[in-house]
Amino acid sequence: MFSNMKTFVTLTLLALGYQTASATSLLETFGTGANAFTMEFVTIGNPNNAADTTGNPNPAGSVAYIYNLGKHEVSRDMITKANSAGSLGITLYDMSSYGGNGLLKPATGISGYEAAKYVNWLNTSTGGTAAYKFDGSGNFQLWSSTDAGYNANNMYRNSLAKYVIASSPEWYKGAYGNPDGSWSNFPNGSDSAPTAVASGTAANTAVYGQFSSTGPADINNAGGLSSYGTMGQAGNVWEWTETAYDGTNNTAGESWELRGGAFNSNSSTFLDASFRYGYSPTAEFFSGGFRVASVPVPEPSALSLLAIGLGGFALLRRRK
């Protein structure tokens, strides 16, 4: 059956959608032909980590599973190509007065609901299940108990979806968490604020403290990395999380959380773990964007693998 327990566990984790310790970064491709683009993800490990009790909300950042978080914010090019491939109709803010509309600039002027529609396309265009529910008129809905993938603890997100808007705990952990389980005040692995810059990738820097006319940096040139390897969670643009400001995700239309600060934030306070905003998910900001997470989705084949593997080990034990 399996030569050893390590092989069995590794195969089972991969089948369940988990990344092994050596897989810390990966590229995934979406669209085809002229509309093809890639997104880079970094693995956020240390599942079932203890929550941070010094930030906002309190507690914050505990995630039960290994997941992958977008290394960068979603770019204008990604939205443009998804629009073309999927006829999504997502509008982008004209940034001509704010640094320009370059392809690698973060996608701004995106409402929370538009971000959800983009993520739904990532799922459905790759043969998966939509993460968020909309009615025939395009209105955001809660998943119901009769829907496959319903999760009573999060009625926004379908549990069968792979690609999602990062939730508050997922976003928070990627920004302020450290692989050893400790926490930092800023998304640079430190309790000291990063140095304000207009662009660049130097360690302990972030894009903030700039004039509005400067605009955000390209998504791959948006400051130093967090401890887990994400870029731009400090500054550049505010980012939607999937989570309602009150943390419940049980009412359609309630305010969603925004985190991280932006290029025109005039203080490092906005980048701190204790700071967040709540806004209507219909709101659009010239300094607001989002990033995508990829979460584990158990497949029937994986569950079968688990059952077969356990049965095989049981049989081997009986034969000894």
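Residues numbered from 1 in each chain as written. Predicted model: local features only at pLDDT ≥ 70, side-chain atom pairs only at ≥ 80, totals over all residues. Heavy atoms only, no water.

**A few points about the pattern of salt bridges**
A full pass over the atoms with the stated rule returns 10 salt bridges. For Glu40, the salt bridge is made with Lys71, and the minimal N-O distance between the two is 4.0 Å. One end of the pair, Glu40, is in strand E2 (residues 37-44); the other, Lys71, is in the loop between strand E3 (67-70) and helix H2 (76-86), with 31 residues separating them in the sequence. Under the relative-accessibility criterion, Glu40 is labelled partly exposed at 25%. With a relative accessible area of 18%, Lys71 lands in the buried category. Residue Lys105 pairs with Asp218 through a salt bridge whose shortest N-O separation is 3.8 Å. (Salt bridge = Lys/Arg side-chain N within 4 Å of Asp/Glu carboxyl O. Helix = DSSP H or I, 4+ residues; strand = E, 2+ residues; numbered from the N terminus. Buried < 20%, exposed > 50% of the residue type's maximum accessible area, 1.4 Å probe, protein only.)

**Some words on the sheet that holds E3**
One open sheet accounts for 5 strands, arranged E1-E2-E3-E13-E6; its pairing is antiparallel. Among the strands making up the open sheet, the edge pair consists of strand E1 (25-30) and strand E6 (163-165). Ignoring strand direction, the axes of neighbouring strands in this sheet form an average angle of 35°. Relative to E3, E2 runs antiparallel, the two being bridged by 4 bridges. (Pairing = 2+ DSSP bridges. Axes fitted to C-alpha atoms, helices over the stretch in contact; angles between N-to-C directions.)

**Some details on the side chain of Thr43**
One can find Thr43 in strand E2. On the basis of relative accessible area, Thr43 is assigned to the buried category, the value being 13%. There is a polar contact of 2.9 Å between the side chain of Thr43 and the side chain of Asn68. (Polar contact = N/O pair within 3.5 Å; in protein donor to acceptor, adjacent residues only side chain to side chain.)

**Considering the environment of Pro216**
With respect to the secondary-structure elements, Pro216 resides in the loop between strand E8 (205-207) and strand E9 (238-244). By relative accessible area, Pro216 is classed as buried at 3%. Spatially, the C-alpha atoms of Pro216 and Ala198 are 7.6 Å apart, while their sequence positions differ by 18 residues. Excluding residues that lie within four positions of it along the chain, Pro216 makes contacts with Met95, Tyr98, Lys105, Pro106, Asn236, Val237 and Phe263. (Contact = heavy atoms within 4.5 Å.)

**A look at the layout of surface pockets**
If a probe as big as a water molecule is rolled over the atoms, it shows which places are left empty. Volume-wise, the largest pocket comes out at about 630 Å³. Along its surface, the largest pocket is lined by 34 residues, and Tyr65, Asn154, Arg157, Ser167 and Glu170 are the ones closest to its centre. Of the residues in the lining of the largest pocket, the class split is 15 nonpolar, 13 polar and 6 charged. (1 Å grid on protein atoms, 1.4 Å probe; cavity = no way out; pocket = protein on both sides within 12 Å on 5 of 7 lines; lining within 4 Å. Points joined across faces, edges and corners; volume = space filled by probe spheres on them. Nonpolar A, V, L, I, M, F, W, Y, C, P; charged D, E, K, R; others polar.)

**Quick word on H2**
Side chains three or four residues apart in an α-helix point the same way, a direct result of the helix having 3.6 residues per turn. Of the residues making up H2, those classed as buried are Arg76, Asp77, Met78, Ile79, Lys81, Ala82 and Asn83. Packed against the buried residues of H2 are E2, helix H3 (112-124) and strand E12 (288-290). Immediately downstream of H2, the backbone of Ser87 shows phi near 50°, a positive value.

**Thoughts on the packing of aromatic side chains**
Each aromatic ring pair is summarised here by two numbers: the centre-to-centre distance and the angle between the ring planes. With the rule as written, the count across this model stands at 29 aromatic pairs. Through a chain of ring-to-ring contacts, the aromatic side chains of Tyr113, Phe134, Phe140, Tyr156, Trp238, Trp240, Trp256, Phe270, Phe275, Tyr277, Tyr279 and Phe285 assemble into a single cluster. (Phe/Tyr/Trp six-rings, centres within 6.5 Å; stacked < 30°, edge-to-face > 60°.)

**A closer look at the sheet that holds E12**
Pairing is mixed in the open sheet, where 4 strands are placed in the order E11-E10-E9-E12. Looking at strand neighbours, the two that pair on one side only are strand E11 (277-279) and E12, the edges of this open sheet. Strand-to-strand twist of the sheet, defined as the mean angle between neighbouring strand axes without regard to direction, takes the value 45°. In terms of strand pairing, E9 meets E12 through 3 bridges, oriented parallel. Within E12, the position partnered with Trp240 by the bridge is Phe290. Where H3 meets the sheet, its contacts fall on E9, strand E10 (256-259) and E12, and the angle it forms with E12 comes to roughly 25°.

**Points about the confidence of the model for the protein chain**
Chain-level statistics for the protein chain give a pLDDT mean of 89 and a share of 86% at 70 or above. Segment residues 1-23 is flagged for pLDDT under 50; beyond a separation of four residues in sequence, or across chains, it makes 35 contacts in the model. Confidence over residues 301-320 falls short of pLDDT 50; this stretch has 18 contacts with residues more than four positions distant or in other chains. (pLDDT = per-residue confidence, 0-100.)

**What about the environment of Gly31?**
With respect to the helices, strands and loops of the structure, Gly31 is situated in the loop between E1 and E2. By relative accessible area, which is 29% here, Gly31 ends up partly exposed. Residues Gly31 and Lys81, spaced 50 residues apart in sequence, show a C-alpha to C-alpha distance of 7.6 Å. Excluding residues within four positions of it along the chain, Gly31 makes contact with Ala36 and Trp121.

**Some details on empty space enclosed by the protein**
A full pass over the atoms with the stated rule returns 1 cavity of 30 Å³ or more. Of the voids in this model, the largest cavity is the one considered here, and its volume is about 70 Å³. Considering the residues around the largest cavity, the lining is formed by 16 residues, among which Pro187, Thr205, Gly224, Leu225 and Ala234 are closest to the centre. Here the lining of the largest cavity is built from residues that sort into 7 nonpolar, 9 polar and no charged.

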